[in-house]
Amino acid sequence: MREHLDHTDRKLVQLLSQDAQVGVNRLAEGMAISVPTVRSRLRNLLSQNLIKIVGLLNLSERPELISAIVGINAKGHGRAREIALRISELPFVNSACVVTGRFDIIVDVVVAGDVADLYRVTSELIPGVGEPGEITRTETFVVMAACNKWVSLPKGCWSSGPEVPVRAVAT
């Protein structure tokens, strides 16, 4: 069972979520704790895979990015998490979550500038992770406008093209 973050760790994550570029000295000052304590807490959160500090792109400022949410119905026979894990490892996929509601799995997809890549993800890659007939239906929702949506670039979007400004935040 996961342990809950204590007040100090929650405050550290909150400050990093606002600005992950702030140094440990300023974090310690803002939290009224010692620098070694901040370093230790940060190291523990990172090593336990509880936080990851990444650069995120503002989707509304990046017209070359196409974001979509894909709802998936699967006959996983109790293996929805396993299917979601395989989907999460696909190119262009930021996350795959087992959910309640009309879909079994929700997938967050980001492609760079080419709707053909989105089509390939939704019509070939995602259906290809399961056994034949295991993924019974998908529905794709293309994001037309985004408000406060910051995204990481999943594998598949990485290229040697022009650099894009990023904002570092803790997730």
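Located above this text is the structure these notes cover.
Now for a description of the structure that goes with this document. (Residues numbered from 1 in each chain as written. Predicted model: local features only at pLDDT ≥ 70, side-chain atom pairs only at ≥ 80, totals over all residues. Heavy atoms only, no water.)

With that settled, the discussion passes to the nonpolar core. Core analysis: the largest hydrophobic core is formed by 29 residues, its most contacted members being Ile-72, Ile-87, Val-107, Val-109 and Ile-126. Per element, the largest residue contribution to this core is six residues, and it comes from strand β2 (residues 65-74). Apart from the residues within four sequence positions on either side, Ile-72 is in contact with Ile-87, Phe-103, Asp-104, Ile-105, Val-107, Ile-126, Ile-135, Arg-137 and Thr-138. (Core = buried A, V, L, I, M, F, W, Y, C linked by side-chain atoms within 4.5 Å. Buried < 20%, exposed > 50% of the residue type's maximum accessible area, 1.4 Å probe, protein only. Helix = DSSP H or I, 4+ residues; strand = E, 2+ residues; numbered from the N terminus. Contact = heavy atoms within 4.5 Å.)

Before going further, it helps to spend a moment on the sheet that holds β2. With antiparallel pairing, four strands are arranged side by side in an open sheet as β3-β4-β2-β5. The two strands at the open ends of the sheet, each matched to only one other strand, are β3 (93-98) and β5 (135-142). Neighbouring strand axes in the sheet, compared pairwise and without regard to direction, differ in orientation by 20 degrees on average. Relative to strand β4 (residues 105-112), β3 runs antiparallel, the two sharing five bridges. The residue bridging Ala-96 from the neighbouring strand is Val-107, located in β4. (Pairing = 2+ DSSP bridges. Axes fitted to C-alpha atoms, helices over the stretch in contact; angles between N-to-C directions.)

Right, let's talk about the environment of Asn-94 for a bit. Tracing the chain through its elements places Asn-94 in strand β3. Asn-94 sits in the partly exposed class, given a relative accessible area of 24%. When the C-alpha atoms of Asn-94 and Lys-155 are compared, they prove to be 8.5 Å apart, with 61 residues separating the residues in sequence. Aside from chain neighbours lying at most four places away, what touches Asn-94 is Asp-108, Val-110, Val-151, Ser-152, Leu-153 and Pro-154. Within polar-contact distance, the side chain of Asn-94 engages the side chain of Ser-152 at 3.0 Å. (Polar contact = N/O pair within 3.5 Å; in protein donor to acceptor, adjacent residues only side chain to side chain.)

Look at helix α3 (residues 35-47): 18 Å from first C-alpha to last across 13 residues, which is about the 18 Å you get at 1.5 Å a residue. Every buried residue of α3 is accounted for by Val-38, Leu-42 and Leu-45. Projected onto a plane normal to the axis of α3, the buried residues spread over an arc of 65 degrees and lie on a single side. The outward face of α3, more than 90 degrees from its buried face, is lined by the exposed residues Pro-36, Arg-43 and Ser-47. In this fold, the buried residues of α3 make contact with α1 (7-18), α2 (24-31) and β1 (53-58). In the segment just after α3, Asn-49 is the residue with positive phi, at about 60 degrees. (Expected span 1.5 Å × (residues − 1). Arc of directions from axis to C-beta.)

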